[in-house]
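Here's the letter readout for the chains.
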Amino acid sequence: MIKNFDTDDLVIGAGLCGLMYGLTAVMEGRSVVISEAHHKVGGYATNFYRNKRKYVFDCSQHKVSGLRKEIGNLWNTLNRLGLHSLLDEFKFHEEIGTVVYKGDFIRIPSEPSEIKETLMICFPDEISGIERLFKDIETHGYQHYMFFRRLINEYTINKDILRESRNLSKITAREYFEIIFKGKDIIEVLSPIAIYSGSISNEVNAFYFLHCLYAMFYGGQAYVKGTGQRLSDLLLEEFLNHGGVLLKKNPVYEMEDHGEHMLIKTRKNTIKAQQVIATCPPEDVLKMLNSEEYVDNFKDIIRNFEVGWGHFCVYIVISVPPEDVDIFSPEYLLVSDSGDNFTQNDFENDRYYDLFTLSVSNYHRFDPEGGYVLQLVMLDHGDRWFHLSEDEYIKRKQKIQNKFIKRVLATFPKLEGKLIYIESSTPKTNYKFTLATKGSAFAYKMLPKVNLNLLSNFPNDKIKLVSTWAGGPGYETAMCFGFTQGKLLSKNTKV
Ligand SMILES: Cc1cc2nc3c(=O)[nH]c(=O)nc-3n(C[C@H](O)[C@H](O)[C@H](O)COP(=O)(O)OP(=O)(O)OC[C@H]3O[C@@H](n4cnc5c(N)ncnc54)[C@H](O)[C@@H]3O)c2cc1C
């Protein structure tokens, strides 16, 4: 029998953003239904099993920023929701990772003072640039990081540096590095860190990049044992315990405005809601509202944004502990001698896959229970995959997988003959499991002058875009944005 619902909030999508919104809103006394297309919750924060659950693969979790006590925004958010046992699940990384560049293995520690010291030892000619970088992270990076707390009146913009912050938002991270550093090598060692926020140094704006560095260096970076799925499952448990309702395998197709409320049609139900909280891509919200007049105007707003990077991933199981093949660090960033400054031509003729930073994640180090798992990840774009026929797709996937394996074997030759399971995913796989436009894993690109605020006033005030598309990518942002919007949009709720 079809069950219909009448609720305060209908949330589209049970990724981290939707789960955090839902949890915050139910705690504020609202009735909330989350409708999720997939059969499990988490969106990108999920996992999958192979070989009768012997191998466990994490779909996205590398570093969750903002968990340092009293300093990190995510710590603050989880603490004020009383999720103390969830906070206890996070373990801190001992290092950000090891950058492999021109034969050197440069271990980047996790404490800001140690990171600075490492850079000064490796690049003694760049000391003034390094000093400037850390000052900018502490001022401009902090300012950008705290913007979302301003939404709930907990941060006052530092007007003394605002003009300079704005200028930084108009240039790329690479242009910024070229201003503060003398040589190229330090730029190529710092640039790959941008991939943790799904960006590339010659695209991402410097103001946002400094935010990412603040979040990671000062906010602290951690992980949950048991993959990102455990985090999603724990948030779901809290949501359900507080009376929330989750509808799985239930994509939302259509919405109609009925004046006092919205009527939402999903695969299995019809739902009457006072508010719709859309964590799915904004362009899908417009498709759901196809007959409304304002749709075309809002399409023009969306054209201001460029769909961000997805990724290509090779999931590997090896026959021996990673230490036996000289893989000790939780993460390596393999940077080519020419660095990350690839051209459009490199991208189009696939030289990109030989040149751009390849990350090698040692999941066994994060969580030994998941098996001897390694993952090779590179940013990639849906435009390179969606148009292919099935045959072309399979061939291309094999080709790129071989390129990655060749690169990793060149750095870790003892791996030869030890790969016992290999599987790959593309941006098309991302789309299949998250419905993200073009398989983007990091929502819109944070290019110079990009202004996500344009997405905050949707022309129907019963619909709110509460997502990484409107707030910026990453675990921390998804959860913190879900929380602040849950607080703000619940303000007038009578408990
Ligand atoms: C390989 C990889 C590595 C990453 N590493 C990191 C990292 O180390 N640190 C970090 O902070 N971030 C990382 N990220 C980014 C991070 O995973 C995402 O930014 C974040 O999980 C996005 O959360 P979300 O809730 O906004 O969206 P999503 O996770 O995309 O969730 C959206 C949900 O909405 C559902 N949905 C969509 N359309 C509909 C519909 N019509 N009806 C019903 N449901 C719908 C989807 O099924 C999905 O469950 C990584 C991402 C990838 C892919």
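Note that this is a predicted model, so its numbers are computed, not measured.

### Structural notes on helix α17 (residues 390–411)
Between its terminal C-alpha atoms α17 stretches 32 Å, which fits the 32 Å expected from 22 residues at 1.5 Å a residue. Of the positions making up α17, those classed as buried are Y393, R396, I400, Q401, K403, F404, I405, R407, V408 and L409.

### What about empty space enclosed by the protein?
Vacant regions in the atomic arrangement are exposed by a probe of water-molecule size rolled over the atoms. Per the stated rule, a full pass over the model turns up one cavity of 30 Å³ or more. By volume, the largest cavity amounts to about 80 Å³. G198, S199, Y444, K445 and M446 are the residues nearest the centre of the largest cavity, which is lined by 13 residues in total. Taken together, the residues of the lining of the largest cavity sort by class into seven nonpolar, four polar and two charged.

### Concerning helix α4 (residues 112–122)
All of the buried residues along α4 are P112, I115, T118, L119 and M120. On its buried side, α4 packs onto β7 (95–101), β8 (104–109), α5 (127–145), α9 (185–190) and α10 (206–218).

### Section: the pattern of salt bridges
All chains considered together, the criterion is met by 32 salt bridges. Across the salt bridge formed by E154 and R80, the nearest N and O atoms sit 2.6 Å from each other. Of this pair, E154 sits in the loop between α6 (147–150) and α7 (162–168) while R80 sits in helix α2 (residues 73–80); the two residues are 74 residues apart in sequence, bridging distant segments of the chain. Residue class for E154 comes out partly exposed when judged on its relative accessible area of 32%. Residue class for R80 comes out partly exposed when judged on its relative accessible area of 38%. In this structure, R384 engages D350 in a salt bridge whose closest nitrogen and oxygen atoms are separated by 2.8 Å. You can see R384 sitting in the loop between β17 (373–380) and α17 and its partner D350 sitting in the loop between α14 (344–348) and α15 (352–355), a full 34 residues away along the chain. Of the two residues examined, R384 and D350, each falls in the buried class. It is possible to trace a salt-bridge network through shared partners that takes in D350, R384, R396 and K399.

### Details of the site of the ligand
E36, Y44, S60, K63 and Y475 are the nearest of the 31 residues found near the ligand. At a separation of 2.7 Å, a nitrogen atom of the ligand approaches a polar backbone atom of S60. The side chain of T468 places a nitrogen or oxygen atom 2.8 Å from an oxygen atom of the ligand. When the ligand sits alone it has 1,000 Å² of accessible area, and the protein chains cover 94% of it. Taken together, the elements giving at least two residues each to the shell around the ligand come down to α1 (16–27), α18 (427–434) and α20 (475–489). Two domains each provide a minimum of three residues to the shell around the ligand, namely domain 1 (5–64 + 225–304 + 451–489) and domain 3 (307–434).

### What to know about a positive patch on the surface
A contiguous patch of positive charge, built from R163, R166, K170 and K449, is present on the exposed surface. According to the relative accessible area criterion, K449 is exposed, its value standing at 63%.

### Overview of the sheet that holds strand β16 (residues 358–362)
As summarised here, the arrangement of the seven strands in space is β8-β7-β15-β16-β17-β14-β18, forming an open sheet in which the pairing is mixed. Looking at the sheet topology across the chains shown, the edges are occupied by β8 and β18 (419–425). Neighbouring strand axes in the sheet, compared pairwise and without regard to direction, differ in orientation by 20 degrees on average. The pairing of strand β14 (residues 310–318) with β18 spans six bridges and is classified as antiparallel. Among the inter-strand pairings, Y315 is bridged to a residue of β18, identified as E423. Across the sheet, α17 touches β7, β8, β14, β15 (331–334), β16, β17 and β18, and the angle it forms with β18 is around 130 degrees.

The rules behind the values
Residues numbered from 1 in each chain as written. Predicted model: local features only at pLDDT ≥ 70, side-chain atom pairs only at ≥ 80, totals over all residues. Heavy atoms only, no water. Helix = DSSP H or I, 4+ residues; strand = E, 2+ residues; numbered from the N terminus. Expected span 1.5 Å × (residues − 1). Buried < 20%, exposed > 50% of the residue type's maximum accessible area, 1.4 Å probe, protein only. 1 Å grid on protein atoms, 1.4 Å probe; cavity = no way out; pocket = protein on both sides within 12 Å on 5 of 7 lines; lining within 4 Å. Points joined across faces, edges and corners; volume = space filled by probe spheres on them. Nonpolar A, V, L, I, M, F, W, Y, C, P; charged D, E, K, R; others polar. Contact = heavy atoms within 4.5 Å. Salt bridge = Lys/Arg side-chain N within 4 Å of Asp/Glu carboxyl O. Near = heavy atom within 4 Å. Polar contact = N/O pair within 3.5 Å; in protein donor to acceptor, adjacent residues only side chain to side chain. Areas by Shrake-Rupley, 256 points an atom, 1.4 Å probe, with all protein chains shown as cover. Domains from an automatic or database assignment. Patch = residues over 30% accessible without salt bridge, like charges linked within 9 Å, V, L, I, M, F, W, Y side chains within 5 Å. Lys, Arg positive; Asp, Glu negative; His and termini not counted. Charge placed at Lys NZ, Arg CZ, Asp CG, Glu CD. Pairing = 2+ DSSP bridges. Axes fitted to C-alpha atoms, helices over the stretch in contact; angles between N-to-C directions.

By themselves, these are just geometric observations and shouldn't be taken as functional.
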